[in-house]
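Chain by chain, the residues:
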Amino acid sequence: MDLHALADFNLVARHGGFGAAARATGRPKATLSRRVVELEASLGIRLLERGARVLKLTEEGRALYERTGALLTEIDETVTSISQGGDRPRGRLRISAPLLFAQTAMGKLAAGFALKYPEIRLEVTTEDRSVEMVEEGYDLVIRVNPDPDENLVGRIFLRDRLVVVASPQLPQPMNNETVPAVVRGSGNQSAIWNLKTPTENATINIDPVLRLSSLIMIRDAVRMGVGAGRLPISLVSNDLNTGKLVQWGDAGLPEIALWALYPSRRLLSARVSTFLEYLKEAFPKGTPDELAAYIVDGGYPA
């Protein structure tokens, strides 16, 4: 197999087309097209479906790209490192992070990482959806309680839990009482919340007086006394300590786990492994208290 043709195929797959790959690399579009055709001919399979306006990977093309992209990147990084006489990670690192974590912690994390590793060009985008890592060009994604994905591996680096909180001015209800609540999103959500305390388990009926799309907006509304809310303990820990909010109990819902995910353990990019180690340094135990302290220390108005 011609490695030059394979590298050109990966360029086209990564950029989503011959024209985009040519513009990004300065390579002639005709050369890239010829190399891919030669690779298809040598393998005896079609790697790309060429439409009038859209170019898509075939199933075989996607498999080839996913299995060779990391290898070629690793080879390129190794050659660059050797030629420059150093072993410090360098190059672009693209990360997708969920909204709340990005708003509360990612700015400080990214700045600290950039200061420590100035030769890595970090790019962070905020996405609550499950992005397609390979197709969208991400090196690492941070997800909350992700569904199993056989194409991704990773590790939990933070844990959190939901608690029911309210302003001190809002009386805590008895079992089965109805209380005003601030809820996330819209639609037919449960009208009952569970409460777990050290002494008992209870349920309360909620009246959604306010629906908001952001947990930070929910916290701010709960502070104003409009209703109770279910929020991550890390987000309200400082408010509970200062008396701005009171905790009625744990929400009795599954634990919140933040995962750092990447396509493969094999030939893991030096940039990705460096960022994973940086996460471990930032949150050595991965507890809600560590995240709460990180948020406060970072100057976010918790």
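Preceding this paragraph is the structure being described.
Everything in this summary refers to the structure shown in the same document.

### Re the packing of aromatic side chains
We describe a pair of aromatic rings using the distance from one ring centre to the other and the angle between the two ring planes.
Moving on, step 1. Taken as a whole and assessed by the stated rule, the structure comprises six aromatic pairs.
Moving on, step 2. With 5.0 Å between their ring centres and 55° between their planes, phenylalanine 283 and tyrosine 294 make a pair best called tilted. With phenylalanine 283 in the loop between helix H9 (270-282) and helix H10 (288-297) and tyrosine 294 in helix H10, this pair connects stretches of sequence that are eleven residues apart.
Moving on, step 3. Take phenylalanine 283: its relative accessible area is 3%, and that puts it in the buried class.
Moving on, step 4. In this structure, arginine 94 is placed above the aromatic ring of tyrosine 138, and the distance from its NZ or CZ to the ring centre is 4.4 Å.

### What to know about the environment of arginine 159
Moving on, step 1. With respect to the helices, strands and loops of the structure, arginine 159 is situated in strand E6 (residues 153-160).
Moving on, step 2. For the pair arginine 159 and tryptophan 259, spaced 100 residues apart in the sequence, the C-alpha separation amounts to 9.1 Å.
Moving on, step 3. If we skip the residues at most four places from it in the chain, arginine 159 touches Glu255, Ile256, Gly286, Thr287 and Pro288.
Moving on, step 4. Polar side-chain contacts of arginine 159 include one of 2.7 Å to the side chain of glutamate 255.

### Things to note about the sheet that holds strand E4 (residues 120-126)
Moving on, step 1. Read across the open sheet, the five strands follow the order E4-E3-E5-E13-E6; overall the sheet is mixed. The sheet terminates laterally at E4 and E6, the two strands that pair on one side only. Adjacent strand axes in the sheet meet at a mean angle of 20°, parallel and antiparallel pairs treated alike.
Moving on, step 2. Two strands pair when backbone bridges link them, and strand E3 (residues 91-97) and E4 are joined in this way by seven bridges, in the parallel orientation. Along E4, the bridge assignment pairs alanine 97 with threonine 126.
Moving on, step 3. The strands touched by H9 are E3, E4, strand E5 (140-144), E6 and strand E13 (256-262); relative to E3, the strand with the most contacts, the crossing angle is about 50°.

### Comments concerning helix H7 (residues 215-223)
Moving on, step 1. Within H7 the residues assigned to the buried category are Leu215, Ile216, Ile218, Arg219, Ala221 and Val222.
Moving on, step 2. On its buried face, H7 sits against helix H5 (99-116), strand E7 (162-166), strand E8 (178-184), strand E10 (201-212), strand E11 (229-232) and helix H8 (233-242).
Moving on, step 3. Where H7 begins, one side-chain oxygen reaches toward the backbone nitrogen of isoleucine 216, 3.1 Å away; that side chain belongs to serine 214.
Moving on, step 4. Of the residues trailing H7, glycine 225 is marked for its positive phi of about 90°.

Parameters at a glance
- Residues numbered from 1 in each chain as written.
- Predicted model: local features only at pLDDT ≥ 70, side-chain atom pairs only at ≥ 80, totals over all residues.
- Heavy atoms only, no water.
- Phe/Tyr/Trp six-rings, centres within 6.5 Å; stacked < 30°, edge-to-face > 60°.
- Helix = DSSP H or I, 4+ residues; strand = E, 2+ residues; numbered from the N terminus.
- Buried < 20%, exposed > 50% of the residue type's maximum accessible area, 1.4 Å probe, protein only.
- Lys NZ or Arg CZ within 6 Å of the ring centre and 35° of its normal.
- Contact = heavy atoms within 4.5 Å.
- Polar contact = N/O pair within 3.5 Å; in protein donor to acceptor, adjacent residues only side chain to side chain.
- Pairing = 2+ DSSP bridges.
- Axes fitted to C-alpha atoms, helices over the stretch in contact; angles between N-to-C directions.

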